[in-house]
Amino acid sequence: MPSYTVTVATGSQWFAGTDDYIYLSLVGLAGCSEKHLLDKPFYNDFERGAVDSYDVTVDEELGEIQLVKIEKRKYWLHDDWYLKYITLKTPLGDYIEFPCYRWITGEGEIVLRDGRARLARDDQIHLLKQHRRKELETRQKQYRWMEWNPGFPLSIDAKCHRDLPRDIQFDSEKGVDFILNYSKAMENLFINRFMHMFQSSWSDFADFEKIFVKISNTISERVMKRWQEDVMFGYQFLNGCNPVLIRRCTQLPEKLPVTTEMVECSLERQLSLEEEVQQGNIFIVDFELLDGIDANKTDPCTLQFLAAPICLLYKNLANKIVPIAIQLNQVPGDENPIFLPSDAKYDWLLAKIWVRSSDFHVHQTITHLLRTHLVSEVFGIAMYRQLPAVHPIFKLLVAHVRFTIAINTKAREQLICEYGLFDKANATGGGGHVQMVQRAMQDLTYTSLCFPDAIKARGMDSKEDIPNYFYRDDGLLVWEAIKTFTAEVVGIYYESDRVVEEDQELQDFVKDVYVYGMRGKKASGFPKSLKSREKLSEYLTVVIFTASAQHAAVNFGQLFLGMYPEEHFIEKSVKEAMARFRKNLEVIVGTIAERNKNKKLPYYYLSPDRIPNSVAI
C-alpha cells in the first residue's frame, strides 16, 4: 500500500501549539484517502515551534496529490493551533510543500493547495477551480467593508479587535506589545496632567524637557539642543518626521503679502524676493488644511487652539533651508501679522512653535494615519477579499499587510475613537482629526502615492538645486529597488500584458480598492483596472512602498524590508528574485551608512535595515 511521510510545522509564537486531535486527508487526481489521526504514542504532538513527522499509509493509489485537508477536533477545551506548513514525501520520493501560515480554531478544518503560485487560468481541474472559488466566497463573508466615518476610506467591518478573523488578529506577543505601548502613552499623558495641576504655566523653555521621555540617540539629543535654531527648523521639513509638505514656491500666494523689504535681511544674493522665487530659492509650507478645523473642546478646563499657518523658507548660500516669514492664519490682515526673523527673539520663536504644532497635527492625522495606515488597510482588505492564497500577488503582498488591519482596528477602538487618546492628548481631538481626514481625502490621489511623482509634483526633485534632502534621495533608491523586484515577479507569472488584463481576480482586487477604499472617486486617479505588466508593477510598488518605506519615513520603523519569514512562494525563480532584492537593499544600506558616516545629524529612517515590511510590524 502506498505510504507518505507527512511533516507538520507548528508556529513559534505564543500559544501556537495545540493538544487537540489533528486529522489529515490527502486528495489526489485518482481519489481521496481516509482521514488519518496524526498522533505518536507517548509524545506531545504539535507543540509550539515543533516540526513533527508522521507516516501515512493509504489503501489505494491517489494519483498526483492536489489538496491536503486538515481537521482539528476538541480534545478537552478548544485549543487554537497555528499551522505553518505541511511537507509531503510521496511514495516516489518527491517532496510537495503546502504553505499555510494560518490559525485553525474551534472544530475547524482547512484545505491546502501546494505552494506553487497559480493564476486562475492555470487551474484546469474542476477540483482546484472549486477550491479557489470557495476560498474567496468564505473570505468575502469574513472581510466586509464598513464606513467608520463619512468620507473616510472604507475599513474592516469589526467593532473591536476580537471581532476580526483570527488569521489577521495580533498574535499574543504583538498584542501585548500594543497594550504596553498604549499604557506607556497613557502614563506619559498622566504625567503631563500631573504637572499641569501643580504648575499653571511654564517659566522657561527648559521646562519642555520635563515632559519628554529621555531617549538617548543622536537625533533626539541634537534636536533638543538646537530646536530653536532656524537651520534646524528648516532641516526638519526636509528630513524630519513629516518631510512631505515642503514644496518649491513658483509664485508668491496673494494670501501671504510678504515683500522684499520685509525679508531683505534674510536674502543673501542681492536679489528681490520675486527674483529669488524665479531662481528656485524660495520654498513654502502651507497648512491650509487646518483652516477652520475645530479645536479640541472635550476638556472644559483646558482651552486649546489651532493655527493654519503659511511658512516661507529660503535656500541660503550655504544651501541650508531656513524660514524667512510666517503668517499664522490664512487670511491676511492687521490681526494676522507676518512674523519675521528680524522680530523680537521670542515672537519669532513662538511663530515657529505654532508652525511646528500645525506640522504635528498634519503629520499624525494625514501623513501617518491616513496616507500609510488607512491606505494600507484598504489594500489589505481588498487583497483578502479578491485574491486566493495561491495567487502570486497574494503571496507577494501578504507580508506587507501583516497586522495592518489589526493595528488600525485597535486604533479605532482606543486611539482615534470618541474619548480615545486623541481626544485626551491632541488639539485636533474631539472631532477635528475626523474633519482633517475628510478634507485630506480630496488630495489623496494615486499619483501622490507614487514616490517619484510626488517628489516631482512638489518641485523637490533636483538633487543639484536641493541638496541634503535625504528623504528624497533614500526614498528614490528604495522605490527603484522595490519596483525592480515587483517587475521581476510580475514577469515570472504574467507573460504578456494580455495575461494581466485577463486576470479577473487581479482586476477585482484593483476594483475593490477603487470602489470601496477610494469611494469610487474618479478624481483620485486610482485605476479601476490594470492593463499592462508595467502598470501592475507600479501598482504593486505603491502598495509595498506605502506600507513599508513611506511608513518608516514618517514613523521611524525598525525591521527589515525584503525579509519574508513566511515562505508563501516555493518557486526557485521567485526565491532568486527575492535574493536579488535583498542584495539591492544591502547596497542601499551601505550607501546610506557611508553618507551618514561624517554627519552630525545622520538620516537613516529609509535605510532598508530599519524599514518594516508593514505599518504594524
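Our structure's up above, just so we're on the same page.
Residues numbered from 1 in each chain as written. Predicted model: local features only at pLDDT ≥ 70, side-chain atom pairs only at ≥ 80, totals over all residues. Heavy atoms only, no water.

## Remarks on the packing of aromatic side chains
Inspection of the entire model under this criterion finds 23 aromatic pairs. Between F46 and W81, the ring centres sit 5.1 Å apart and the planes meet at 55°, which makes this aromatic pair tilted. Taken together, the residues F46 in the loop between β4 (36-37) and β5 (51-57) and W81 in strand β7 (residues 81-89) connect sequence positions 35 residues apart. Residue F46 shares its accessibility class with W81, and that shared class is buried. Residues W479 and F545 carry aromatic rings whose centres are separated by 5.4 Å and whose planes lie at 70° to one another, so their mutual orientation is edge-to-face. With W479 in helix α14 (residues 470-493) and F545 in helix α17 (residues 533-555), this residue pair connects regions lying 66 residues apart in the sequence. (Phe/Tyr/Trp six-rings, centres within 6.5 Å; stacked < 30°, edge-to-face > 60°. Helix = DSSP H or I, 4+ residues; strand = E, 2+ residues; numbered from the N terminus. Buried < 20%, exposed > 50% of the residue type's maximum accessible area, 1.4 Å probe, protein only.)

## Overview of a nonpolar patch on the surface
A surface patch of nonpolar side chains, amounting to about 620 Å² of accessible area, comprises Y21, L37, Y75, W76 and L77. Here L37 shows up in strand β4. (Patch = residues over 30% accessible without salt bridge, like charges linked within 9 Å, V, L, I, M, F, W, Y side chains within 5 Å. Areas by Shrake-Rupley, 256 points an atom, 1.4 Å probe, with all protein chains shown as cover. Salt bridge = Lys/Arg side-chain N within 4 Å of Asp/Glu carboxyl O.)

## As for unusual backbone geometry
Despite not being glycine, F15 shows a phi value in the positive range, around 60°. Here N468, not a glycine, exhibits a phi torsion of approximately 65°, which is positive. Of note, N468 is situated in the loop between α13 (451-457) and α14.

## A short note on the pairing of strand β13 (residues 282-286)
Most of β13 is tucked away: 4 of the 5 residues are buried. Two elements, β13 and strand β14 (residues 310-315), share 5 bridges in a ladder whose sense is antiparallel. Looking across to β14, one finds that V285 is bridged to C311. (Pairing = 2+ DSSP bridges.)

## Here we look at the nonpolar core
Ranked by size, the top nonpolar core spans 122 residues in total, and within it I246, M383, Y384, L397, Y494, F509 and Y539 carry the most contacts. For Y494, the residues in contact, after removing those within four places along its chain, are L119, H391, I393, V499, V500, D503, L506, R533 and L536. Judged by nonpolar contacts, the second largest core, of 25 residues, contains V6, Y54, I65 and C100. (Core = buried A, V, L, I, M, F, W, Y, C linked by side-chain atoms within 4.5 Å. Contact = heavy atoms within 4.5 Å.)

## Overview of the sheet that holds β7
By definition, the strands of a sheet pair up through backbone hydrogen bonds, in either a parallel or an antiparallel sense. On the basis of which strands lie adjacent, the open sheet formed by 4 strands has the order β5-β1-β7-β8 and antiparallel pairing. In this open sheet, the two edge strands, each paired with only one partner strand, are β5 and β8 (95-104). Neighbour-to-neighbour, the strand axes of the sheet open up by a mean angle of 20°, direction not taken into account. One ladder, built from 8 bridges, connects β7 with β8; its direction is antiparallel. When the sheet's bridge partners are listed, T87 is paired in β8 with E97. (Axes fitted to C-alpha atoms, helices over the stretch in contact; angles between N-to-C directions.)

## Things to note about the state of the cysteines
By definition, a disulfide links the sulfur atoms of two cysteine residues through a covalent bond. Scanning the entire structure with this criterion turns up 0 disulfides. Here C32 stays free of any disulfide, with the sulfur of C100 as its closest cysteine sulfur at 18 Å. Free of any disulfide, C265 has its nearest neighbouring cysteine sulfur in C311, separated by 15 Å. With a relative accessible area of 56%, C265 lands in the exposed category. (Disulfide = S-S within 2.5 Å.)

## Describing the sheet that holds strand β12 (residues 247-248)
Spatially, 5 strands are ordered β12-β13-β14-β15-β16 in an open sheet, and the strand pairing comes out antiparallel. The outermost strands of the open sheet, each flanked by one partner alone, are β12 and β16 (338-339). Helix α4 (residues 230-239) contacts β13, β14 and β15 (321-327) of the sheet and is inclined by roughly 95° relative to β15. Against the sheet, helix α7 (residues 345-386) contacts β14, β15 and β16, and its axis sits at roughly 90° relative to β15.

## Remarks on the packing of α7 against helix α9 (residues 404-415)
Running from amino to carboxyl end, α7 crosses α9 at an angle of 130°, the nearest separation of the two axes being 9 Å. The orientation of α7 relative to α9 falls into the category oblique. The way α7 lies across α9 gives a crossing that is left-handed. Within the contact between the two elements, α7 uses H373, L374, S376, E377, G380, I381 and Y384 and α9 uses T404, I405, I407, N408 and R412. Within the contact of α7 with α9, the residues separate by chemical class into 5 nonpolar, 5 polar and 2 charged. (Parallel < 35°, antiparallel > 145°, perpendicular 65-115°, else oblique. Left-handed = near helix turned anticlockwise from the far one by under 90°. Nonpolar A, V, L, I, M, F, W, Y, C, P; charged D, E, K, R; others polar.)

## Concerning the pattern of salt bridges
Following the criterion strictly, the structure yields 33 salt bridges and no others. In this structure, D167 and R102 form a salt bridge, with 3.3 Å as the shortest nitrogen-oxygen distance. Taken as a pair, D167 in the loop between β11 (155-156) and α2 (172-198) and R102 in strand β8 lie far apart in primary sequence, 65 residues in all. For D167, a relative accessible area of 32% puts it in the partly exposed group. In this structure, R248 and D465 form a salt bridge, with 3.8 Å as the shortest nitrogen-oxygen distance. With a gap of 217 residues between them, R248 in strand β12 and D465 in the loop between α13 and α14 connect regions that are remote in the sequence. Taking the relative accessible area as the measure of exposure, R248 reaches 18% and is therefore buried. When its relative accessible area of 34% is taken as the criterion, D465 is described as partly exposed. Counted as one network, the salt bridges with shared partners bring together K35, K69, E71, R73 and E109.

## Regarding helix α18 (residues 572-596)
Between its first and last C-alpha atoms α18 spans 36 Å; for 25 residues at 1.5 Å apiece the expected length is 36 Å, and the two agree. Those residues of α18 that fall on the buried side of the exposure criterion are V574, A577, M578, F581, L585, I588, I592 and N596. For α18, the elements touching its buried residues are α14. (Expected span 1.5 Å × (residues − 1).)

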